[in-house]
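Summary of the model geometry
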Amino acid sequence: MKSSGNTARETIRETTSETTRFLKVPELGNLELLHACYTGQRFSPHFHEGHVIGVIERGHLGFDYRGEKLVASRGQINLADPGEVHNGFAASEAGWQYRMFYLAQGQLERIASEDARGSDMPFFRRGVIRDNRLARKLVRLHEDFHDPSVSMLEKESRFYTVVHQAVRRHTANPAVPGGLPRQGQEKKRISIVRAYIEDLYDTSITLDDLSRISQMSKYYLLRMFSAQTGLTPHAYLSHVRAARAKEMMDKGLSLAEVSLAAGFFDQSHLNRIFKRIYGITPGLYCRAGRRG
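Overview of the structure. Starting from 1, residues in each chain are numbered consecutively following that chain's sequence as written. Only residues with pLDDT of at least 70 get local features here, since the model is predicted, and only at 80 or more are side-chain atom pairs given and counted; chain-wide, interface and lining totals rely on the full set of residues. To get the side-chain values, take all heavy atoms of the structure and skip hydrogens and water.

1. Remarks on the overall build of the protein
Basically, it comes down to this: Here a helix means four or more residues in a row that DSSP labels H or I, a strand means two or more in a row labelled E, and each is numbered from the N terminus. Burial here depends on accessible area, computed with a 1.4 Å probe over protein chains only, as a share of the maximum for the residue type. Under 20% is buried, over 50% is exposed, and the range in between is partly exposed. What makes two residues a contact is simply this: any of their non-hydrogen atoms within 4.5 Å. Where accessible areas are quoted, they stem from the Shrake-Rupley method and a 1.4 Å probe; at the residue level, only the protein chains shown are allowed to cover.
Per the secondary structure count, the protein includes ten helices and twelve strands. By the burial criterion, 48% of the 292 residues in the protein qualify as buried. Within the protein, counting contacts between residues at least 6 apart in sequence, those at least 24 apart form 67% of the total. Carbon and sulfur atoms form 50% of the exposed surface of the protein, whose accessible area is close to 14400 Å².

2. Structural notes on the environment of asparagine 30
Position of asparagine 30 among the secondary structure elements: in the loop between strand E2 (19–25) and strand E3 (31–38). Residue classification places asparagine 30 among the partly exposed positions, given a relative accessible area of 38%. Along the chain, asparagine 30 and alanine 104 lie 74 residues apart, while their C-alpha atoms are 6.8 Å from each other.

3. Some details on the pairing of strand E5 (residues 52–65)
Inclusion rule: Only strands that DSSP links by at least two bridges are regarded as paired with each other.
The element E5 is extensively covered by neighbouring structure, given that eleven of its 14 residues are classed as buried. Bridge count for E5 against strand E7 (residues 77–80) is four bridges, and the pairing is antiparallel. Residue pairing for E7: glycine 54 is matched across the bridge by asparagine 78. Of the pairings in the sheet, the one linking E5 to strand E9 (residues 96–102) comprises seven bridges and is antiparallel in character. When the sheet's bridge partners are listed, valine 52 is paired in E9 with tyrosine 102. In this structure, E5 lies alongside strand E6 (residues 68–73), joined through six bridges in antiparallel fashion. In the sheet register, histidine 60 faces E6, and the bridge partner there is serine 73. Turn length for the E5-E6 hairpin, with the two strands adjacent in sequence and antiparallel, is two residues, and the turn residue arginine 66 shows positive phi of about 55 degrees. In this sheet, strand E8 (residues 86–90) lies alongside E5 in antiparallel orientation, the contact comprising three bridges. Its bridge partner lying in E8, tyrosine 65 is registered against histidine 86.

4. Here we look at the nonpolar core
In plain terms, the rule: Nonpolar cores are built from buried Ala, Val, Leu, Ile, Met, Phe, Trp, Tyr and Cys residues. Side-chain atoms within 4.5 Å join them into one set.
With 60 residues, the main nonpolar core has Leu31, Ile77, Phe101, Phe145, Phe159, Ile197 and Leu210 as its most contacted residues. By residue number, the principal contributor to this core is helix H3 (residues 152–170), which donates eight residues. In terms of nonpolar packing, the next biggest core, distinct from the first, is built from 16 residues, Tyr65, Leu70, Met100 and Tyr102 among them.

5. Some words on the packing of helix H5 (residues 207–214) against helix H6 (residues 218–229)
What counts here: Every angle, taken between N-to-C directions, lies between 0 and 180 degrees, and every axis is a line fitted to C-alpha atoms, over only the stretch in contact when it is a helix. The labels follow the angle: roughly parallel below 35 degrees, roughly antiparallel above 145, roughly perpendicular from 65 to 115, and oblique for the rest. Amino acid classes used here: Ala, Val, Leu, Ile, Met, Phe, Trp, Tyr, Cys and Pro are nonpolar; Asp, Glu, Lys and Arg are charged; the rest, including Gly, are polar.
Here H5 crosses H6 at 85 degrees, and the two axes come no closer than 9 Å. Judged by the angle between their axes, H5 and H6 are roughly perpendicular. Here H5 contributes Leu207, Asp208, Leu210, Ser211 and Ser214 to the contact with H6, which in turn contributes Lys218, Leu221 and Leu222. Taken together, the residues of the contact of H5 with H6 sort by class into four nonpolar, two polar and two charged.

6. Observations regarding the side chain of histidine 269
Counted only if it meets this: We call two N or O atoms a polar contact when they sit within 3.5 Å, provided that within protein one can donate a hydrogen and the other can accept it, with sequence-adjacent residues counted only if both atoms are side-chain atoms.
Residue position: histidine 269 is located in helix H9 (residues 267–278). Among the polar contacts listed, one links the side chain of histidine 269 to the backbone nitrogen of phenylalanine 265, at a separation of 3.0 Å. For histidine 269, the contacting residues outside a window of four places in its chain are Ser149 and Phe264.

7. Concerning the packing of aromatic side chains
Where we set the bar: By convention, a stacked pair of Phe, Tyr or Trp rings (six-membered ring in the case of Trp) has centres within 6.5 Å and planes under 30 degrees apart, an edge-to-face pair has planes over 60 apart, and any other such pair is tilted. Comment: the charge-over-ring label is applied if NZ (Lys) or CZ (Arg) is within 6 Å of the ring centre and within 35 degrees of the ring normal.
The tally for this structure, following the rule as stated, stands at ten aromatic pairs. Between tyrosine 38 and phenylalanine 43, the ring centres sit 5.7 Å apart and the planes meet at 85 degrees, which makes this aromatic pair edge-to-face. Looking at tyrosine 38, the relative accessible area reads 8%, which means it is buried. Phenylalanine 43 gets classed as partly exposed once you look at its relative accessible area, which sits at 24%. Every member of this aromatic cluster is reached through a ring pair, and the members are Tyr38, Phe43, Trp96 and Tyr98. Across from the ring centre of tyrosine 278, 4.4 Å away, lies the NZ or CZ of lysine 246, which sits over that ring.

8. Re the environment of alanine 243
Structurally, alanine 243 is set in helix H7 (residues 233–250). Sequence separation between alanine 243 and phenylalanine 274 is 31 residues, and the spatial gap between their C-alpha atoms is 8.8 Å.

Structure follows, in structure tokens:
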């Protein structure tokens, strides 16, 4: 792979009873991620300039928010709108463990307003919600942000998708989708995106790149690409890389060479994607070719 393009910076802090893991993602407007296990931590009243969305993995988090005393428990999503003062404390002796997304000021509004009309700042109706499907997506995405083998294109695409889902399901004023696409023009633009991915599959392609060349907003691009191809852009990129890897293996290149030349993070990344698409490992594919 020519360049990972991943400049996310991570710090980890551990004590005997608490662990914090913090990640900043410059590619997504300095999006901040926190994975923490707290027992004695008590947050003073404070507010954030951007939206805050998290999932409780273990224990119980208590906090005062909009005049209510709330408790978020395992599997529940806790949220805070910009400027809303809240605190945070353990609501059980065991403390709590959670995964948090801290969006930059105005970031959620910009994402939600893409491909929408008349959209004000999204206002979440509650500070604690139960949405098991969304919670699982948030946790998995948070985990994958720490995995360098997951492309930034995939992270960006899933981040945009999950933000839109949270806004549609749980805000008081969700964005109103724009009009229907102009089919001829949109097909041409998606063809340009597909050609771009096929030409530059071995580089670090971002959602910004695809939005720029297609002249479409990021979320609208994701919708149209999936509608016309049946795949997300990052899934399409994985298919292209796997297909190119097969071609290289047919030419006798080693798996180490193939994984690098086809744009995979490493050989285990190649193995995982190849098996997911073709049902066999690259090693088995190579051995079958040699027998032939």
